[in-house]
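# Chain and residue survey
Chain by chain, the residues run as shown.
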Amino acid sequence: MSLLYTKSLRKTFGGVVAVNDVDFSVQENSITGLIGPNGAGKTTLFNIITGLDSPTSGDLFYKGKSILNTKPHTIARIGIARTFQNIRLFKEMTVLENVMIGRHFKGAHPYFSKNSYYNAFLGLIFQKKEELDIYQNAMKWLSFFNMAGVKSELAKNLPYGKQRELEIARSLATEPDILFLDEPAAGMNPSETEALMQTIQKIRTLGVTVVLIEHDMKLVMNICEHITVLNYGRKIAEGTPSHIQGNPEVIEAYLGKDDE
């Protein structure tokens, strides 16, 4: 069953077609890879799905309903989270505070109403409970990434690989159903990449569907069950890793074609 899918999604910037009528689908509780050469339109597609950009045409469906042109904060609250190619942590805040922000962003207490006076009364009752919930949730994800011991450290002081993990932890604190990772292994050394592969697989076991853009083909081929390939904004292939590895059009997109 497709948890999320696009239908003839298109995005143009002037005369440049960044996403060219792409049908892209993500199966529930899967790990899906989105690959392609630089400039293929991968991040643009991510940006449209997560509400940071609007398509020129086409549609986007999540859990069977169109969410086209939905605002990013609403996208996050309905269960779609993401990380970015360039790390976007609050570097002057602590590790714990970064993850607590993710949980806090999930929204106000569900018992709150539209009545401001009633909210003021409820606020006195639920404030401490909500603060405790945010703290406990953040600590849960720090423990998941073995970072509980550095909760008071400033985010900027973490090693690069741990900063990547912290950004993922912050995204998971929003309790998403689907997590989009934009080049999570970028800048990582081989041991960090190996640890990341294991982490992504652990995340999936929690019931979170994962979609990743990645240039590290070893990572993609080892953990993804389904892969979609873009080139110049157009979908040129999709299928299992073994199918993608032997696809002539994919090989040509990455390696070029000999002149005859």
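### A look at the overall build of the protein
- When helices and strands are tallied, the protein shows 9 helices and 11 strands.
- Taking all 260 residues of the protein together, 47% fall into the buried category.

### Remarks on the pairing of strand β9 (residues 209-213)
- Here β9 lies mainly inside the structure; 5 of its 5 residues are buried.
- Both faces of β9 are covered, namely the face carrying T209, V211 and I213 and the face carrying V210 and L212.
- Across 4 bridges, the pairing between strand β4 (residues 31-35) and β9 is parallel. Looking at the pairing, T32 lines up with V211 of β9.
- Between the parallel elements strand β8 (residues 178-182) and β9, the chain passes through helix α6 (residues 190-205) in a crossover that is right-handed.

### So, the pairing of strand β11 (residues 234-239)
- As judged from the 5 bridges shared by strand β10 (residues 226-231) and β11, these two strands associate in the antiparallel manner. In the sheet register, N231 faces β11, and the bridge partner there is R234.
- Here β10 folds back onto β11 in antiparallel fashion, the turn holding 2 residues, of which Y232 has a positive phi close to 55°.

### Examining the nonpolar core
- L166, I203 and L212 are the most contacted members of the largest nonpolar core, which has 45 residues in total.
- Here this core gets 5 residues from one element, more than from any other, and that element is helix α4 (residues 116-144).
- Ranked by size, the runner-up nonpolar core spans 23 residues in total, among them F24, V26, I75 and F180.

### As for α6
- When the terminal C-alpha atoms of α6 are compared, their 23 Å separation across 16 residues agrees well with the 22 Å that a helix rising 1.5 Å per residue should span.
- Listed in full, the buried residues belonging to α6 are T193, L196, M197, T199, I200, I203 and R204. Down the axis of α6, the sector holding all buried residues measures 165°, keeping them to one side. Turned more than 90 degrees off the buried face of α6, the exposed positions are S191 and T205.
- Looking at the residues trailing α6, positive phi occurs at G207, about 95°.

### A few points about the packing of helix α5 (residues 160-172) against α6
- Running from N to C, α5 and α6 cross one another at 15°; their axes reach a closest spacing of 11 Å. With respect to α6, the axis of α5 lies roughly parallel. α5 and α6 meet at a crossing whose hand is right-handed. Together, G161, E165, I168 and L172 of α5 and E192, L196, T199 and I203 of α6 make up the contact between the two elements.

### Considering the packing of helix α3 (residues 95-104) against α5
- Contact geometry of α3 with α5 gives a least axis separation of 7 Å together with a crossing angle of 35°. The way α3 lies across α5 gives a crossing that is right-handed. Every residue of α5 that contacts α3 at V95, N98, V99 and G102 is listed here: L166, A169 and R170.
- Along the lines of polarity and charge, the residues of the contact of α3 with α5 split into 4 nonpolar, 2 polar and 1 charged.

Parameters at a glance
Within any chain, residue numbers begin from 1 and follow the written order of that chain's sequence. Selection of residues for local features in this predicted model requires a pLDDT of at least 70, selection of side-chain atom pairs for listing and counting requires 80 or more, and totals for whole chains, interfaces and linings are taken over all residues. No hydrogens and no water enter the side-chain calculation; it runs on all heavy atoms of the structure. Only DSSP runs of H or I reaching four residues or more are called helices, and only runs of E reaching two or more are called strands; each is numbered from the N terminus. Exposed residues in this analysis have more than 50% of their type's maximum accessible area, buried residues have under 20%, and partly exposed residues fall in between, with area computed by a 1.4 Å probe over protein chains only. In this scheme, strands are said to pair when DSSP sees at least two bridges between them. Whether a crossover is right-handed comes down to one check: with the strands pointing away from the viewer, does the path from the first strand over the helix to the second run clockwise; if it does, it is right-handed. By nonpolar core we mean a set of buried residues, namely Ala, Val, Leu, Ile, Met, Phe, Trp, Tyr and Cys, connected to one another through side-chain atoms within 4.5 Å. To estimate how far a helix should extend, the number of its residues minus one is multiplied by 1.5 Å. Here the arc refers to the directions that run from the helix axis out to each C-beta atom. Working convention: axes come from line fits to C-alpha atoms, limited for helices to the stretch in contact. Angles between N-to-C directions cover 0 to 180 degrees. We call two directions roughly parallel when the angle between them is under 35 degrees, roughly antiparallel when it is over 145, roughly perpendicular when it lies between 65 and 115, and oblique otherwise. When the near helix sits turned anticlockwise from the far one by under a right angle, the crossing is termed left-handed; a clockwise turn instead gives a right-handed crossing. Two residues qualify as a contact provided that any one of their heavy atoms is within 4.5 Å of a heavy atom in the partner residue. Residues were grouped as follows: Ala, Val, Leu, Ile, Met, Phe, Trp, Tyr, Cys and Pro as nonpolar; Asp, Glu, Lys and Arg as charged; and all remaining residues, including Gly, as polar.

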